[in-house]
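# Structural overview
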Amino acid sequence: MRTAAYLIKKLLSASVTLAIISLLIFGVFQLLPGNPATIILGVDADPLQVQALSEELGLDAPPLQRYARWVAGLFSGDLGRSVRYQVPVIELIRQSLPVTASLAALSLLVTVALSVPVSIYLAKNNNKKLPTFISALMQVGIAVPSFWLAILLVMVFAVVLRWLPSGDFVPFSQSVSGALRSLILPAAAISIGTTAVVIRYLKNTMLDQLSMDYVRTARSKGLGKNKVLYRHVLKNALLPAITMLGMIAVDVLGGSIIVENVFNLPGIGRLIISGVGNRDFPLVQGLVFYLALTVVVVNFVVDLLYAAVDPRIRLK
Amino acid sequence: MKTRKERNMKNFKRIIAVALVGILSLSAGCAATQKEAAPENSVPPVTESASPSAAQSTPASDVTVRVALGSEPDNLDPMLSAATDTAAVMMNVYEGLMGFDQKGDFIPAIAQSYTAAPDGLSYTFTLKKGVKFHDGKDCTAKDVKYTYEKLAGLTGEKPLNSTLSQELVKVETPDDYTVVLTLKQRDAGFMSKTILSIEEEGYADNSTKPIGTGPYKFVEYIQGQKIVLEKNENYSTIAERKPTIGKVEFVIMTDENAKLMALKSGNLDIAGVSAPNAAALGDDFSIVQGPQNMVQVLALNNAVKPLDNLKVRQAINYAVNKDEIIGAVVDGKGTKVESFLSPSMATYYNDNIAAYKTDIEKAKSLLKEAGYEKGFDLTITVPSNYQTHIDTAQVIKDQLAQVGINVNIQLIEWAQWLDGVYTKRDYQSTIIGHSGKLDPQDFLNRFTSTYDKNYFNFTNPDYDKLVTEAAATTDISQRAALYKQCQQFLVDQAASVFIQDPHIIFAVSKKLDGLQIYPVTFFNMSDIHVKS
């Protein structure tokens, strides 16, 4: 029963968040002065075009009615219709999502695969020279923005060494190895930063745990150092790391917007930028809402995971 | 452990933060993408060639040229497409009754010749024989009729071209190679509608498998990545446009940096670049640049004091040094203009205008005559997303200070500019770029008192009469003479300060040659050949 109540509470708060976001997104576009059709078409459009577009955008209706119409559309899975491509936004997302999703998945995978062993190593060997050096390196990793790293990676591996392609995406359907080749640099650009963050966090949590009473108890009853570390400390330290992972997933999504553009990958990020460039408001509005929805869902899932792993949370 | 409330709050904040960052990066993106003036015509493009080995030994027909395309195509079917850079690609696949050359003059394409009726109300086109669509079918009068009736909505469906739907009354085909188009009223600007792509009658798949008569055949379009074209071996329409490059890939690249990297890593052969990037590319690429049929103007609101005074407007024209602006703002990559037409439109451009030569003393004495000996305050309102215009405003501020005019630069959002300046005309002066298509009317009509977006507030019945007359004159040389008078008229009245046509710039691989710049964005791949 308590679990159900917890679930309902979480769902409610997620819905309220989404409602507020939809208002914000819609509101921001209302703040633009003048006729959006003129803004989209610019100074070289003929008045007939502007009139036709105004009708298409349904601008004759009052804002509240337009908002209601938009929200009603959202409920039926209709995110709006792109002005430039003349197709539903959801269709464009369907085409671009695989690229962004595989980039995000690869980045997350790299982050987890690197950060868990490295942080265990660092926690075990705290205060030694090499680990201290690695920790310092992590600080650099956190400080460097992914877009800059992306440009640097392209310059080194594509322009100078010419090992990997730049600006040439191969879809998985065409060639798996080709797709991996075109995703590896962007995934590296995103995951170096996130890996550094996770390592720092995980290492510190493990060090905290290591100094706890239960560790001393376990050790004193004869458990080996490694056994304590893997069986007890890591388990406890992973708990907050799950929340962390939720945040990282959001970071990865944000990072991919910039990185996709640098590497010319046809994903959601590039779609947003081109939507902005073409002043395709319905497309941008639909995409921003879609991203917000993704973030809310990821957080919801993280909350569920958290409760599943740690019964104290759902029972409190 | 934190309370749930705290964590909810935290989640909420996180989401809002992400949403806000998204929105902010949007506005930042706006600024970045709109930096260079004309959003329409400034889009780059172009080509490249093959792998390193190709240049020495491979014949041109085996070469693949890769050209950067600034945005995703909106629709491959020319009837349904409105985007300039989509048309710039698809004009290799499709052709119109007429084509156009680098000077903006019309040249015969599918039509071999045309005659305008003396009353200007109908045009008769005689088609070339032997022009074939890529599927092997002959292109005849019935295809032209099909295309124009569909565009104008004469078939009872919704029209696809607003000008044609207002002007075109009927299409007749006396025989297979003759087409007569009849208009509702005289409009010499109708010629710019003769370049519209002719589509095959009854063929419904132009959006997915485009078929035209052009020098290149459509191969494939991979969404988000590229449009691939190949040489049409049987091409015959325009002799000079017989293609030599075997395969062309238009690679969709929205990011300036990605473009630069791809050029440097050999993944691109041709790309439109900004002036600083052109300089950064160095010796590995040839730089091709030229006017892009745009006029950058310091627009003066002729209805507000003191700009309603001719002498004040003339003084400003004498005080502004355009060469200095071009040198400082676009690194010399611009062509000075004296009136409201770009030199791209060679036939109509008046290159013999009696213009204002920079003369500070003359400017001062004109201000004195106008009663502004001590100068005055002038606000230049500039849309904040166009760096070129902002930089120009800075230079002009210094130049006008020399004659005692105290300039205050006001930066505003693009949307605010469109609303306040362009629509409501609530401003003193502003800097903006206007681009044209193939009709000089697009530019010169903007100063007529009946034009709905005449934000210059310039009204002069003599000027209106001149433009109306030019618009109805079908003889090209007479029409050109009238438009040249219009240009001089605007200079005499100092209607505004016409500054420059900022160049469009292409980086072209050293292996290639022949890139030409057109008054309407057109990546004419037939121009490109491999250097011998």
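Every value quoted in this text rests on a predicted model; they were computed, and no experiment measured them.

What counts and what doesn't
Sequence order as written defines residue numbering, which begins from 1 separately in each chain. Naming scheme: in the order in which they are written, chains are lettered from A and ligands are numbered from 1. Whole-chain, interface and lining totals are the exception, using all residues; otherwise, since this is a predicted model, local features are given only for residues with pLDDT of at least 70 and side-chain atom pairs are given and counted only at 80 or more. For side-chain calculations, the full set of non-hydrogen atoms in the structure is used, while hydrogens and water are omitted. Here a helix means four or more residues in a row that DSSP labels H or I, a strand means two or more in a row labelled E, and each is numbered from the N terminus. Exposure classes here rest on a 1.4 Å probe applied to the protein chains alone. A residue is buried below 20% of its type maximum, exposed above 50%, and partly exposed in between. UniProt positions are given in the numbering used here, feature names are shortened, and annotations may be inferred rather than shown by experiment. Contacts: residue pairs with any heavy atoms within 4.5 Å of one another. Any pair of nitrogen or oxygen atoms within 3.5 Å is treated as a polar contact; in protein, a donor-acceptor pairing is required on top of that, and neighbouring residues in sequence qualify only through side-chain atoms on both sides. Remark: nonpolar core denotes a set of buried residues (Ala, Val, Leu, Ile, Met, Phe, Trp, Tyr, Cys) joined through side-chain atoms within 4.5 Å. Whether two aromatic rings pair depends on their centres lying within 6.5 Å, for rings of Phe, Tyr and Trp, where Trp uses its six-membered ring; planes under 30 degrees apart make the pair stacked, over 60 edge-to-face, and the rest tilted. Note on patches: the residues involved have over 30% relative accessible area and no salt bridge, like charges join within 9 Å, and the nonpolar side chains Val, Leu, Ile, Met, Phe, Trp and Tyr join within 5 Å. For the area figures, the Shrake-Rupley method with a 1.4 Å probe applies, and any residue is considered shielded solely by the protein chains shown. Any carboxyl oxygen of Asp or Glu that lies within 4 Å of a side-chain nitrogen of Lys or Arg is treated as forming a salt bridge with it. Strands pair, by our definition, only if DSSP identifies at least two bridges between them. To obtain each axis, a line is fitted to C-alpha atoms, and for helices this fit is confined to the stretch in contact; angles are then taken between N-to-C directions over 0 to 180 degrees. Per residue, pLDDT captures the predictor's confidence, and it can take any value from 0 to 100. Roughly parallel here means an angle under 35 degrees, roughly antiparallel means over 145, roughly perpendicular means 65 to 115, and every remaining angle is called oblique. Each crossing gets its handedness from the near helix: less than a right angle anticlockwise from the far helix is left-handed, clockwise is right-handed. Here the nonpolar group is Ala, Val, Leu, Ile, Met, Phe, Trp, Tyr, Cys and Pro; Asp, Glu, Lys and Arg are the charged ones; every other residue, Gly included, is treated as polar. Domain limits in this description derive from either an automatic procedure or a database domain assignment. Buried area adds together the accessible area that both of two parts lose upon being put together, with accessible area traced by a 1.4 Å probe.

Another point: the environment of Ala-105 of chain A. All names here are of chain A. Of note, Ala-105 is situated in helix 5 (residues 89-124). Overall, Ala-105 belongs to the partly exposed group, its relative accessible area being 46%. With 29 residues separating them along the chain, Ala-105 and Ser-76 place their C-alpha atoms 28 Å apart.

Attention now goes to unusual backbone geometry. Residue Pro-306 of chain B is reached from Lys-305 of chain B by a cis peptide bond, and omega for that bond is -5°. Its place among the elements puts Pro-306 of chain B in the loop between strand 13 (294-300) and helix 8 (310-319). With a phi close to 55°, Asn-264 of chain A is a non-glycine residue in the positive phi region. Here Asn-264 of chain A shows up in the loop between helix 10 (225-262) and helix 11 (268-277). By relative accessible area, which is 3% here, Asn-264 of chain A ends up buried. If you check the backbone angles, Arg-425 of chain B has positive phi at about 60° while not being a glycine. The class for Arg-425 of chain B is partly exposed, based on a relative accessible area of 25%.

Our focus in this paragraph is the UniProt feature "domain: Solute-binding protein family" (unreviewed entry) in chain B. Within this numbering scheme, the UniProt entry marks residues 106-454 of chain B as carrying the feature "domain: Solute-binding protein family" (unreviewed entry). In residues 106-454 of chain B, helix accounts for 26% and strand for 25%; the two terminal C-alpha atoms are 28 Å from one another.

Let's shift gears to the environment of Asn-457 of chain B. Residue and element names in this part refer to chain B. Within the fold, Asn-457 resides in the loop between helix 13 (441-444) and helix 14 (461-471). Under the relative-accessibility criterion, Asn-457 is labelled partly exposed at 22%. Each C-alpha atom of the pair Asn-457 and Pro-215 lies 46 Å from the other, and the pair is 242 residues apart in sequence. Dropping the residues within four chain positions of it, Asn-457 is found in contact with Asn-301, Asn-302, Ala-303 and Arg-425. In terms of polar contacts, Asn-457 uses its side chain to reach the side chain of Asn-301, at 2.9 Å.

Ranked by internal contacts, the top residues of the largest apolar core, which has 75 residues, are Phe-340, Trp-417, Phe-447, Tyr-455, Tyr-463 and Leu-490 of chain B. Here this core takes 10 residues from helix 12 (residues 281-309) of chain A, the largest share from any one element. The contacts of Phe-447 of chain B, once residues within four sequence positions are left out, are Phe-340, Asn-454, Phe-456, Phe-458, Tyr-463, Asp-464, Leu-490, Ala-495, Ser-496 and Phe-498 of chain B. Counting 36 residues, the second-largest nonpolar core is a separate cluster that includes Tyr-356, Leu-367, Ile-390 and Val-491 of chain B.

All names here are of chain A. Inspection of every chain in the model, using the stated rule, returns 31 aromatic pairs over all chains. Residues Phe-29 and Phe-281 carry aromatic rings whose centres are separated by 5.4 Å and whose planes lie at 50° to one another, so their mutual orientation is tilted. Within this pair, whereas Phe-29 is found in helix 1 (residues 2-30), its partner Phe-281 is found in helix 12, the two being separated by 252 residues in sequence. For the pair formed by Phe-29 and Phe-281, the shared burial category is buried. Ring centres of Trp-70 and Phe-289 lie 5.8 Å apart, and the angle between their planes is 75°; on these two criteria the pair is classed as edge-to-face. Remark: Phe-289 occurs in helix 12 and Trp-70 occurs in helix 4 (residues 63-75); sequence separation between them is 219 residues. One exposure class covers both Trp-70 and Phe-289, and it is buried.

The next subject is a nonpolar patch on the surface. Residues and elements named next belong to chain A. Taken together, the side chains of Phe-147, Trp-148, Leu-152, Met-155, Val-156, Val-160, Leu-161, Trp-163 and Ile-258 make up a nonpolar region of the molecular surface, amounting to roughly 860 Å² of accessible area. Per-element accounting of the nonpolar patch gives the leading share, 6 residues, to helix 7 (residues 146-160). Take Leu-161: it is sitting in the loop between helix 7 and helix 8 (176-210). Judged by its relative accessible area of 36%, Leu-161 is partly exposed.

Further remarks concern the side chain of Ser-182 of chain A. Residues and elements named next belong to chain A. Here Ser-182 is to be found in helix 8. Of the residues examined, Ser-182 reaches a relative accessible area of 7% and is grouped as buried. Residues within four places of Ser-182 in sequence aside, it is in contact with Pro-165, Asp-168, Phe-169, Val-170 and Leu-265.

This part takes up the sheet that holds strand 13 of chain B. Residues and elements named next belong to chain B. An order of 14-18-13-17-15-16 is seen for the 6 strands of this open sheet, with the pairing classed as mixed. In this open sheet, the two strands that pair with only one neighbour each are strand 14 (334-336) and strand 16 (406-412). Neighbour-to-neighbour, the strand axes of this sheet turn through a mean angle of 30°, independent of strand direction. Sheet strands in contact with helix 11 (residues 387-401) are strand 13, strand 15 (377-383), strand 16, strand 17 (429-435) and strand 18 (497-502), and its direction is about 170° off that of strand 15.

On to the sheet that holds strand 6 (residues 168-175) of chain B. Residue and element names in this part refer to chain B. Strand order in this open sheet of 4 strands is 4-5-7-6, and the pairing throughout is antiparallel. Each end of this open sheet is capped by a strand with a single partner; those strands are strand 4 (111-116) and strand 6. Within the sheet, the average angular offset between the axes of one strand and its neighbour, ignoring direction, is 20°. Taken together, the 5 bridges between strand 4 and strand 5 (residues 122-127) define a ladder with antiparallel strand orientation. Within strand 5, the position partnered with Tyr-114 by the bridge is Phe-125. Docked against the sheet, helix 4 (residues 141-152) engages strand 5, strand 6 and strand 7 (178-183), running at close to 170° with respect to strand 6.

What follows concerns the confidence of the model for chain B. All names here are of chain B. With 89% of its residues at a pLDDT of 70 or more, chain B has an overall mean of 87. Note that pLDDT drops below 50 for residues 1-7; the model gives that stretch 14 contacts with residues more than four away or on any other chain. This complex was scored by the predictor with a pTM of 0.80 and an ipTM of 0.74.

This part covers the pairing of strand 6 of chain B. All names here are of chain B. Relative to strand 7, strand 6 runs antiparallel, the two sharing 5 bridges. Within strand 7, the position partnered with Leu-168 by the bridge is Leu-183. Between the end of strand 6 and the start of strand 7, which pair antiparallel, lie 2 residues.

Attention shifts here to the packing of helix 9 (residues 322-329) of chain B against helix 11 of chain B. All names here are of chain B. Running from N to C, helix 9 and helix 11 cross one another at 135°; their axes reach a closest spacing of 10 Å. By the angle between their directions, the pair helix 9 and helix 11 is classed as oblique. Pair helix 9 / helix 11 crosses with right-handed handedness. Contact with helix 9, carried on its side by Glu-324, Ile-325, Ala-328 and Val-329, involves Thr-388, Asp-391, Thr-392, Val-395, Ile-396 and Gln-399 of helix 11 and no other residues of that element. Across the contact of helix 9 with helix 11, the residue classes tally to 5 nonpolar, 3 polar and 2 charged.

Let's shift gears to the domain arrangement of chain B. Residues and elements named next belong to chain B. The domain boundaries assigned to chain B delineate domain 1 (2-7 + 293-503) and domain 2 (95-203). A straight line from the C-alpha centre of domain 1 to that of domain 2 covers 36 Å. Facing the 13 residues of domain 1 at the interface are 16 residues of domain 2. Roughly 1000 Å² is buried in total at the junction of domain 1 and domain 2, and carbon and sulfur atoms are behind 57% of that figure. When the buried surface of domain 1 facing domain 2 is broken down by residue, Leu-438, Ala-472 and Thr-474 rank first, second and third, together holding 51% of it. Applying the counting criterion to the domain 1 and domain 2 interface returns 0 salt bridges.

All names here are of chain A. Running from N to C, helix 5 and helix 6 (residues 129-143) point in directions that differ by 130°, and their axes come no closer than 9 Å. The orientation of helix 5 relative to helix 6 falls into the category oblique. Two packed elements cross with a definite hand, and for helix 5 against helix 6 that hand is left-handed. Only Leu-130, Pro-131, Ile-134 and Ser-135 of helix 6 make contact with helix 5, whose side of the interface consists of Val-118, Tyr-121 and Leu-122.

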